[in-house]
Amino acid sequence: MKAAVLEAIKRIAVKDIPAPIPKDDEALIKVKTCGMCGTDLKLYNGQYSARVPVVPGHEYSGEIVALGKNVRNLKVGQRVVSDPNESCGKCYWCRNHQPCFCKELAAYGVLRDGGFAEYCTASEKGIYPLPESLDDESAAFAEPVSCVVHAVDRVNYRSGETVAIIGGGPMGQIHLQFALHSGARKVILIEPEETRRQMAQRFGAHVVINPKEGDLKEQVLAETEGLGPDVVVEVVGRADTIEQALDLAKRGGRVLIFGFAPEGQKASMIPFNVLSRELTILGSWVNPYSYSRALDVLAAGKLDVKPLITNRLKLDDIMQAYTMMMEKPMGFMKALVFP
Ligand SMILES: [Zn+2]
Ligand SMILES: [Zn+2]
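Presented here is a report on the structure given in the accompanying data block.

Rules and cut-offs
- Residues numbered from 1 in each chain as written.
- Chains lettered and ligands numbered in written order.
- Predicted model: local features only at pLDDT ≥ 70, side-chain atom pairs only at ≥ 80, totals over all residues.
- Heavy atoms only, no water.
- Helix = DSSP H or I, 4+ residues; strand = E, 2+ residues; numbered from the N terminus.
- Rg over C-alpha atoms; globule rule 2.2 N^0.38 Å.
- Lys, Arg positive; Asp, Glu negative; His and termini not counted.
- Charge placed at Lys NZ, Arg CZ, Asp CG, Glu CD.
- Buried < 20%, exposed > 50% of the residue type's maximum accessible area, 1.4 Å probe, protein only.
- Pairing = 2+ DSSP bridges.
- Right-handed = clockwise from strand over helix to strand, strands pointing away.
- Phe/Tyr/Trp six-rings, centres within 6.5 Å; stacked < 30°, edge-to-face > 60°.
- Lys NZ or Arg CZ within 6 Å of the ring centre and 35° of its normal.
- Donors = N, O, S within 2.8 Å, 3.2 Å for Na, K, Ca; no water.
- Tetrahedral: all angles 85-135°; square planar, octahedral: opposite > 155°, others 65-115°.
- Contact = heavy atoms within 4.5 Å.
- Patch = residues over 30% accessible without salt bridge, like charges linked within 9 Å, V, L, I, M, F, W, Y side chains within 5 Å.
- Areas by Shrake-Rupley, 256 points an atom, 1.4 Å probe, with all protein chains shown as cover.
- Salt bridge = Lys/Arg side-chain N within 4 Å of Asp/Glu carboxyl O.
- Core = buried A, V, L, I, M, F, W, Y, C linked by side-chain atoms within 4.5 Å.
- Domains from an automatic or database assignment.

1. Looking at the overall build of the protein
And step 1. Within the protein, the secondary structure is distributed over eleven helices and 17 strands.
And step 2. The C-alpha radius of gyration of the protein comes to 20 Å, within 12% of the 20 Å expected for a compact globule of 339 residues.
And step 3. In terms of its C-alpha atoms, the protein occupies a principal-axis envelope of roughly 60 × 40 × 40 Å.
And step 4. With 40 positive and 41 negative side-chain charges, the protein shows a spacing of 3 Å between the two charge centroids.

Next up, the structure:
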């Protein structure tokens, strides 16, 4: 089968490799489409460690073409997605309802082969059949949406709050839609790129701000009665935007660090500002118990991910997706690869 293989840091090769054979409790999935995300770029750049060689790609939808002999609840021909974060079920964290910290997390597309290939295998326990109403392209967003579902659980929005989202990329736009659905009184999206601000406005953002024009804090305070937002969601993963998030939040507010900062990246904070303003700093890691809710939200049409797809590529052209991720040309949001 044809697959994109990450052979070493900054080296991707599209080549023929043997199709995987499903283990007894796994299914063989013919991949229909697989989205590329920031994690794939971090693996490519060596900012997050993968097992190499590995077939990257963890945001895919496809169809079951074969089953291992112990699979009980799936059928050949079913359209499915699979949760790429497979926990062991046996370690301390798995036994204490926090499988996202599993010691043996088998991250698909990171530590085992993923979806930038014609076929991939996945364990039955992480496979979810798709509702009729959900198309393959939208279903490929199940993983990023499931991460936002978990983040929303962490933030625990209360009705009538003001929310600022820093970063208007695909994840920022998904966060925006969840914040609006969560009863926020005002949602502000902060993003330098104009097409992304326009998209946020189409999704219903009450205010968009270009952080490169004028004083950001003054503008945010002006939009929040001089108080600052109840919740600030950082979806960039850079030191300066994390510091900004801490600076913008209202007294007693919550700051969610969601942007995938590279491992080892440092950001500074002023402890006095955290203690005297009683800030709550939250992290959010992958997607425990949120996959089926992500699919439900997508299938119910509560979330529009289609406008986020700006590029559809063949597997042979996958390097174009990496290049666009790096260079972020105007208007680029998300590339889907069709193996
Ligand atoms: Zn992803
Ligand atoms: Zn575990």
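2. Concerning the pairing of strand β13 (residues 231–234)
And step 1. On β13, burial covers both faces: Val 231 and Val 233 on one face and Val 232 and Glu 234 on the other are all buried.
And step 2. Bridge count for strand β10 (residues 162–166) against β13 is four bridges, and the pairing is parallel. Pairing of Ile 166 across the sheet is with Glu 234, part of β13.
And step 3. With four bridges joining them, β13 and strand β14 (residues 254–257) adopt parallel strand pairing. Across the sheet, Val 233 pairs through a bridge with Leu 256, a residue of β14.
And step 4. Regarding topology, helix α8 (residues 239–248) serves as the crossover connection from β13 to the parallel β14, and that connection is right-handed.

3. Quick look at the packing of aromatic side chains
And step 1. For the structure on display, the rule yields six aromatic pairs.
And step 2. Ring geometry for Tyr 92 versus Trp 93: centroids 4.9 Å apart, planes at 85°, classification edge-to-face.
And step 3. We classify Tyr 92 as exposed; its relative accessible area is 55%.
And step 4. For the pair Trp 93 and Phe 101, a centre-to-centre distance of 5.3 Å together with 80° between the ring planes defines the contact as edge-to-face.
And step 5. By relative accessible area, which is 37% here, Phe 101 ends up partly exposed.
And step 6. Grouping aromatic residues by their ring pairs yields a cluster made of Tyr 48, Phe 260 and Trp 285.
And step 7. Geometry around Tyr 108 places Arg 112 over its ring, the cationic atom sitting 4.1 Å from the centre.

4. With respect to the coordination of the zinc ion (ligand 2)
And step 1. Only Cys 88 (SG), Cys 91 (SG), Cys 94 (SG) and Cys 102 (SG) from the protein coordinate the zinc ion (ligand 2), and they sit 2.3 to 2.4 Å from it.
And step 2. Around the zinc ion (ligand 2) sit four donor atoms, and with donor-metal-donor angles ranging over 100 to 117° the site reads as tetrahedral.
And step 3. Here the donor residues for the zinc ion (ligand 2) map to a single chain with the spacing C-x2-C-x2-C-x7-C. Exposure class is identical for Cys 91 and Cys 94. Each is buried.

5. With respect to the coordination of the zinc ion (ligand 1)
And step 1. Donor atoms from the polypeptide that coordinate the zinc ion (ligand 1) comprise Cys 37 (SG), His 58 (NE2) and Glu 59 (OE), at 2.0 to 2.4 Å from the metal.
And step 2. One chain supplies every donor for the zinc ion (ligand 1), spaced along it as C-x20-H-E. Of this pair, Cys 37 sits in the loop between β3 (26–35) and α1 (38–45) while His 58 sits in the loop between α1 and β4 (59–67), and the two are 21 residues apart along the sequence.
And step 3. For Cys 37, a relative accessible area of 12% corresponds to the buried category.

6. Regarding the environment of Asp 16
And step 1. Here Asp 16 lies in strand β2 (residues 11–16).
And step 2. Looking at Asp 16, the relative accessible area reads 66%, which means it is exposed.
And step 3. Taking the C-alpha atoms as reference, Asp 16 lies 4.6 Å from Lys 2; in sequence the two are 14 residues apart.
And step 4. Dropping the residues within four chain positions of it, Asp 16 is found in contact with Met 1 and Lys 2.

7. Focus: a nonpolar patch on the surface
And step 1. Taken together, Ile 270, Phe 272 and Leu 275 make up a surface patch of nonpolar side chains, about 360 Å² in accessible area.
And step 2. Accessibility expressed as a relative area gives 59% for Leu 275, which makes it exposed.

8. Re the pattern of salt bridges
Any two side chains of opposite charge can pair, given that their charged atoms come close.
And step 1. A complete count under the given rule lists 23 salt bridges for this structure.
And step 2. Among the ionic pairs, Lys 306 bridges to Asp 135, the shortest N-O distance being 3.3 Å. Placement of the pair is Lys 306 in the loop between α10 (291–299) and β16 (309–314) and Asp 135 in the loop between β9 (127–129) and α3 (136–139), with a sequence separation of 171 residues.
And step 3. Here the residues in one salt-bridge network are Lys 23, Glu 26, Glu 86 and Arg 112, joined through shared partners.

9. A closer look at the nonpolar core
And step 1. Of all hydrophobic cores here, the largest spans 43 residues; its most connected members are Val 145, Val 163, Ile 165 and Ile 174.
And step 2. When contributions to this core are tallied by element, the ones reaching two or more residues are α4 (142–155), β10, α5 (170–181), β11 (186–190), α6 (194–203), β13 and α10.
And step 3. Counting residues per element, this core draws most heavily on α4, at eight residues.
And step 4. Each of domain 1 (2–141 + 305–338) and domain 2 (153–283) contributes no fewer than three residues to this core.
And step 5. With sequence-adjacent residues up to four places away left out, Ile 165 is seen in contact with Gly 172, His 175, Leu 176, Ala 179, Val 187, Ile 188, Leu 189, Ile 190, Val 233 and Val 235.
And step 6. Grouped together as the second largest cluster of nonpolar side chains are 41 residues, Ile 12, Val 80, Ala 122 and Met 325 included.

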